[in-house]
Amino acid sequence: LTTLNRYTYTPRENSRMFSIDNQAEYKLDTGPLSHTFLAGFDYKRSRNDYAVGMGFDAPTLDAFNPVYGTQSIKKPDDTQHTLQVQQQMGVYLQDQIRWGGWVGTLSGRHDWVDTKTRDLLANTRTDQQDRKWSGRVGLNYLFESGVSPYVSYATSFEPAIGRTYSGTPFVPVTGSQVEAGIKYMPKDADIEFTAAAYDLREKNRQTNDPNNPNNQLQAGKTRTRGVELELRGRVTKELDVIANYIYTDLDPQLEAQPKHMASLWGKYRFALAGQPGFAVGAGVRYLSAFRDGGAPETPAVTLFDAMLSYDNGPWRYALNVNNIADRTYEVVCLDRGDCFYGERRNFLLTATYRY
């Protein structure tokens, strides 16, 4: 088959968001225990106006001999037009307790969320109210050697913006996570090593609809597990190194991603013509092959990046180059049938002023 059927798709979106977060800290000793209290209030208001039109009367195209412009393509009428206004208020309290080498953290939060969704085509309105408690408890021990093992348990609550293609507003995403790990910061070296393993369970997380590329669904209960390793620090006076590795075991209901990701980055500082403040950096990124459902496999890829910078007082000038080899690579091929490509070689020149 050489004939491609085409459709027209015209999404338009206008979004605004306002948020504030105020907090206060208070320190208190109660006998052998040292407390650091943190209390806060935050508020967020978002307004999202989204419209999309779809048409299936676009002319076909020969995949091997495409000829464009022979027929006019009509702009489709809107098939969806949604105005959604969401307000979220939250209060939270945390107590960090120290006793010798032990450090414990207890925190709690309560959210009030009001969401108003208007279907401007059907002239209907849906009001949604969500209230939820969430919190975290953690414990770690600081050894004099610089080793610090820790364990934590946390619950989460995150309101979702938008609605399904059929018009149903998204409900908040809730979850719980268990994490355990170890940190190592030797006193006689400017270096840090961390290792962590986690188990994350969520409900209502958004994922792509395998039957409609323009729709998202909310999955039922999902589970994601992973391991993260990182080493960062100053190897010598001139050389900084960052190395990390991430392993992710993703729930099959969610959009796939590489199981293995790794990167290595080094930065070397030097003087030029007696002028200090120069630095050059280089790095490599690796993404393993993976497959989303029955889609073609997304192949593994290795990418190279570089950087050149100059610091002069409060000013910093930098040139970053990503994907130096200008490699064409796929980020993901989805089970629903479409593929996405990663960025080609690109340059970023920045000037930063610190004060």
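Note that the structure is predicted; figures quoted are calculated from it, not measured. (Residues numbered from 1 in each chain as written. Predicted model: local features only at pLDDT ≥ 70, side-chain atom pairs only at ≥ 80, totals over all residues. Heavy atoms only, no water.)

1. As for the side chain of threonine 115
Here's step 1: Take threonine 115: it is sitting in strand β6 (residues 102–119).
Here's step 2: Side chain to side chain, threonine 115 and glutamine 86 meet in a polar contact 3.0 Å long.
Here's step 3: Those residues in contact with threonine 115 that lie beyond four places of it in its chain are Gln84, Val85, Gln86, Thr126, Asp127 and Gln128. (Helix = DSSP H or I, 4+ residues; strand = E, 2+ residues; numbered from the N terminus. Polar contact = N/O pair within 3.5 Å; in protein donor to acceptor, adjacent residues only side chain to side chain. Contact = heavy atoms within 4.5 Å.)

2. Concerning the layout of surface pockets
Here's step 1: Within this model, the largest pocket holds a volume of roughly 370 Å³.
Here's step 2: Looking at the lining of the largest pocket, the elements with two or more residues in it are β11 (206–208) and β14 (239–249).
Here's step 3: Its residues assigned to classes, the lining of the largest pocket shows nine nonpolar, six polar and nine charged. (1 Å grid on protein atoms, 1.4 Å probe; cavity = no way out; pocket = protein on both sides within 12 Å on 5 of 7 lines; lining within 4 Å. Points joined across faces, edges and corners; volume = space filled by probe spheres on them. Nonpolar A, V, L, I, M, F, W, Y, C, P; charged D, E, K, R; others polar.)

3. Comments concerning the packing of aromatic side chains
Here's step 1: Inspection of every chain in the model, using the stated rule, returns eight aromatic pairs.
Here's step 2: Where tyrosine 7 meets phenylalanine 56, the ring centres are 6.0 Å apart and the plane angle is 40°; that geometry is what we call tilted. Here tyrosine 7 is found in the loop between β1 (3–4) and β2 (8–30), whereas its partner phenylalanine 56 is found in the loop between β3 (33–55) and β4 (61–62), with 49 residues between them in sequence.
Here's step 3: Residue phenylalanine 56 is classed as exposed on the basis of its relative accessible area, which comes to 64%.
Here's step 4: In textbook terms, an aromatic cluster arises when at least three aromatic residues are bridged by ring pairs, as seen for Trp315, Tyr317, Tyr353 and Tyr355.
Here's step 5: The side chain of lysine 183 reaches across the aromatic face of tyrosine 150, ending 5.7 Å from its centre. (Phe/Tyr/Trp six-rings, centres within 6.5 Å; stacked < 30°, edge-to-face > 60°. Buried < 20%, exposed > 50% of the residue type's maximum accessible area, 1.4 Å probe, protein only. Lys NZ or Arg CZ within 6 Å of the ring centre and 35° of its normal.)

4. Concerning the pairing of β6
For a regular strand, the rule is simple: side chains alternate between the two faces of the sheet.
Here's step 1: Here 18 bridges tie strand β5 (residues 78–99) to β6, and the two strands are oriented antiparallel to one another. Note on β6: the bridge partner recorded for glutamine 96 is threonine 105.
Here's step 2: Taking the residues between adjacent antiparallel strands as the criterion, β5 and β6 are bridged by two residues, where glycine 100 takes a positive phi near 60°.
Here's step 3: Summarising the sheet, β6 and strand β7 (residues 124–141) pair through 18 bridges and their orientation is antiparallel. Across the sheet, glycine 104 pairs through a bridge with leucine 139, a residue of β7.
Here's step 4: Turn length for the β6-β7 hairpin, with the two strands adjacent in sequence and antiparallel, is four residues, and the turn residue asparagine 123 shows positive phi of about 60°. (Pairing = 2+ DSSP bridges.)

Treat this as a map of the structure, not an account of what it does.
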